[in-house]
Amino acid sequence: MAQSPKKVIWWIRRDMRLIDNPVLTNDIDRPLLVCPVFVIDPTLIGKYSAHNIRLEFMFNSLRSLNADIENEGGRINIHYGNPHEIIPVIYSEFGASEVRAQYDPSQVSRIRDTKIGKLVPLKLTSGLSVVGASDVRSQSDKAYKIFTPFYKSWWNKAIYNSSKLPKINGEIQFTNFGDPSILNKFLSNSNKQFPASEIEAQTRLNSFLSLTKSPTLGMVKYKSNKDRLDKIGTSQLSPYLRFGLISPRLVVNKAFDVLTRNPEFTSEVSTWISELAWRDFYIAKASNMHEFEDVNFTEYFPWRLDFEQYQSWCFGKTGYPIIDAIMRQLRIEGWISNRARMLAASFLTKQLLIDWRWGANWFMQHLIDGDSFANDGGWKWIAGVGAGAAPFFRIFNPIVQAKKYDPNGEYVRRWVPELSGLPSPYVHEPWLLTNGQRLDNKMNGYPLPIVDLHEARDRALTTYKKLRATT
DNA sequence: TCTCTTGTTGGCTGG
DNA sequence: CCCAGCCAACAAGAG
Ligand SMILES: Cc1cc2nc3c(=O)[nH]c(=O)nc-3n(C[C@H](O)[C@H](O)[C@H](O)COP(=O)(O)OP(=O)(O)OC[C@H]3O[C@@H](n4cnc5c(N)ncnc54)[C@H](O)[C@@H]3O)c2cc1C
């Protein structure tokens, strides 16, 4: 009587969720028996230290997902090794009809998937972005290189895609073989700031979008708060989106919903939605890499190979309080706001003229949401690399920016304890104090600026100008 | 194919 | 005090 289920493998990657996961679509009239598999690939995790905050978040997410699947009577099959060896074995042992995975356009994934696709029927599904790269094309069917036209074309498709929610789904069962205890070998410190679970991601989204009376934070105040360093004016959903604990199209769907019902917040909500569009934009850029000629700028640029200054930047000892606060927050919390990322990146690439790839690499080591699409995209944009990037003369002044986005110096005092005793005008410019005052404030250990801002600005302008002339 | 408009996030200067 | 003009060009994309 009971219909035999269709057996599929769910190769879990950046889609660690049960809610709105296209991989789990069942549109046939018999049950789907899903065998969830996660492969810990040493070549991927080996790039990072054992205490890496993002890996920790990933393993915690996996534990949480496993608990959710156990509630449904199943269990994740966790393996350690090379996916192209492991996946085919499980595939044939389980007798699956296909292996499903979320499409990931990064270079590593594409190479890996091509290889595995030759060994098993690999069905790659959408879900990483709101709108797939191949669905946002210019009139002449080319990939967009700049954001604004991409965004215009993206908008309607995003409304359409996200309106297809929720999907009516057929019955799904999970297999319960395999031994998840291997997870115990990996990092498990709990991160209080970013608890790794689907439910946490949903809670964050809802509270960010909620329309409480006289709110001081959240979507309703997004535009005025998003750049403030002394507040958390954004959703902090980035790590959850990074590992797919929440579906981007569901996020956008809820945001569109708020938009439709509350036209008075149109400007705030659409600004926030545009950030999700940036996320899609950078993913699409990676998907369409083959359509972009290589930009030689990065290779030819006379980046300064100043390892000492690079280290000062990394460890928050540049002598510019706002930059140092940012770099210390990054290393301790693994999350910094978009404004903070821009300031840090601009300082490294413009003021210090150090290769953006050094900075991007450091970010990837320390960001809990570190993601090659957005990270490379952000760094290139700031460094002025590629079409649509910031013009070369757009150089942030850390003092001006600090006064604007950390007006009372609270952010600096929180992250740079050497300066915690300084009153407002000095907290952003401690070099204005006399030696005696520096001693009195017990801030002797705090360094003097490693570059002169005006000289550095002139140097950046001439260097960028010169390269333009020679390429 | 040609033409026209435009491009996330800034800072400094001189009137 | 404010703010227009400038720091350069150029490629992307619409029509
Ligand atoms: C130099 C640099 C490096 C960056 N590196 C990363 C990275 O490694 N991983 C990452 O997720 N984002 C990165 N960003 C983009 C952005 O800074 C973060 O996504 C954002 O600060 C995350 O905070 P939030 O979730 O509170 O954002 P919100 O403002 O609440 O935005 C919601 C979501 O939209 C997406 N988003 C927002 N801004 C951007 C953007 N500029 N580009 C792409 N997606 C965006 C994120 O997924 C974010 O979670 C980088 C930006 C710069 C300038």
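About the thresholds
Residues numbered from 1 in each chain as written. Chains lettered and ligands numbered in written order. Predicted model: local features only at pLDDT ≥ 70, side-chain atom pairs only at ≥ 80, totals over all residues. Heavy atoms only, no water. Near = heavy atom within 4 Å. Polar contact = N/O pair within 3.5 Å; in protein donor to acceptor, adjacent residues only side chain to side chain. Nonpolar A, V, L, I, M, F, W, Y, C, P; charged D, E, K, R; others polar. Phe/Tyr/Trp six-rings, centres within 6.5 Å; stacked < 30°, edge-to-face > 60°. Helix = DSSP H or I, 4+ residues; strand = E, 2+ residues; numbered from the N terminus. Buried < 20%, exposed > 50% of the residue type's maximum accessible area, 1.4 Å probe, protein only. Lys NZ or Arg CZ within 6 Å of the ring centre and 35° of its normal. Domains from an automatic or database assignment. Buried area = accessible area lost by both parts, 1.4 Å probe. Salt bridge = Lys/Arg side-chain N within 4 Å of Asp/Glu carboxyl O. pLDDT = per-residue confidence, 0-100. Pairing = 2+ DSSP bridges. Axes fitted to C-alpha atoms, helices over the stretch in contact; angles between N-to-C directions. Parallel < 35°, antiparallel > 145°, perpendicular 65-115°, else oblique. Left-handed = near helix turned anticlockwise from the far one by under 90°. Contact = heavy atoms within 4.5 Å.

Draft legend 1. Expanded view of the protein's contact with DNA strand C. Neighbouring DNA strand C are the residues S138, Q139, A143, Y144, K145, I146, P149, A387, P391, F392, F393 and K465. When atoms of DNA strand C within 4 Å of the protein are split into backbone and base, the sugar-phosphate part holds 61%. Between DNA strand C and Q139, the relevant distance is 2.8 Å, taken from a phosphate oxygen to a side-chain nitrogen or oxygen of the residue. In the environment of DNA strand C, a phosphate oxygen lies 3.1 Å from a nitrogen or oxygen atom belonging to the side chain of Y144. Residues that form the surface near DNA strand C fall into these classes: 8 nonpolar, 2 polar and 2 charged.

Draft legend 2. View of the packing of aromatic side chains. Counted under the stated rule, the structure contains 35 aromatic pairs. Arranged with centres 5.7 Å apart and planes meeting at 80 degrees, the rings of F147 and F281 form a pair that is edge-to-face. Note that F147 is positioned in helix 5 (residues 147-163) and F281 in helix 10 (residues 266-287), a separation of 134 residues in sequence. The two residues F147 and F281 agree in class, both being buried. On the numbers, 5.4 Å between centres and 80 degrees between planes, the contact of F392 with F393 is edge-to-face. On the basis of relative accessibility, which here comes to 22%, the residue F392 falls in the partly exposed class. Feature note: the residues Y144, F147, F150, Y151, W154, W155, F256, W278, F281 and Y282 constitute an aromatic cluster, connected by ring pairs. One residue, R242, lies across the ring of F243, its end atom 4.4 Å from the ring centre. We note K350 situated over the ring of Y464; from NZ or CZ to the ring centre the distance is 5.1 Å.

Draft legend 3. Spotlight on the domain arrangement of chain A. Segmenting chain A into domains produces domain 1 (1-128), domain 2 (129-164 + 199-292) and domain 3 (307-470). Taking the mean C-alpha position of each, domain 1 and domain 3 sit 39 Å from one another. Summed over both sides, the interface of domain 1 with domain 3 buries roughly 790 Å², with 54% coming from carbon and sulfur. If you look at where domain 1 meets domain 3, you find 1 salt bridge. Viewed at the interface, domain 3 and domain 1 are joined by 5 residue pairs in polar contact (both at pLDDT 80 or more). Of the residues contributing to the side of domain 1 that touches domain 3, the split by class is 5 nonpolar, 2 polar and 4 charged.

Draft legend 4. Representation of the confidence of the model for chain A in the model. When pLDDT is averaged along chain A, the result is 94; 97% of the residues meet or exceed 70. Listed scores for the predicted complex are pTM 0.97 and ipTM 0.98.

Draft legend 5. Summary view of the pairing of strand 2 (residues 32-40). With respect to burial, strand 2 is a largely interior element, 9 of its 9 residues being buried. Neither face of strand 2 is left uncovered, since the one carrying L32, V34, P36, F38 and I40 and the one carrying L33, C35, V37 and V39 both have all their residues buried. Where strand 2 lies against strand 6 (residues 172-174), 3 bridges are found, and the strand directions are parallel. Counterpart to L33 in the pairing with strand 6 is Q173.

Draft legend 6. Quick peek at the packing of helix 3 (residues 83-94) against helix 4 (residues 107-117). Relative orientation of the contacting elements helix 3 and helix 4 amounts to 40 degrees, with a least axis distance of 10 Å. By the criterion of interaxial angle, the relationship of helix 3 to helix 4 is oblique. With respect to the hand of their crossing, helix 3 and helix 4 are arranged in right-handed fashion. Side by side, helix 3 and helix 4 meet where P83, H84 and I87 of the first sit next to R112, K115 and I116 of the second. A per-class count over the contact of helix 3 with helix 4 returns 3 nonpolar, 1 polar and 2 charged.

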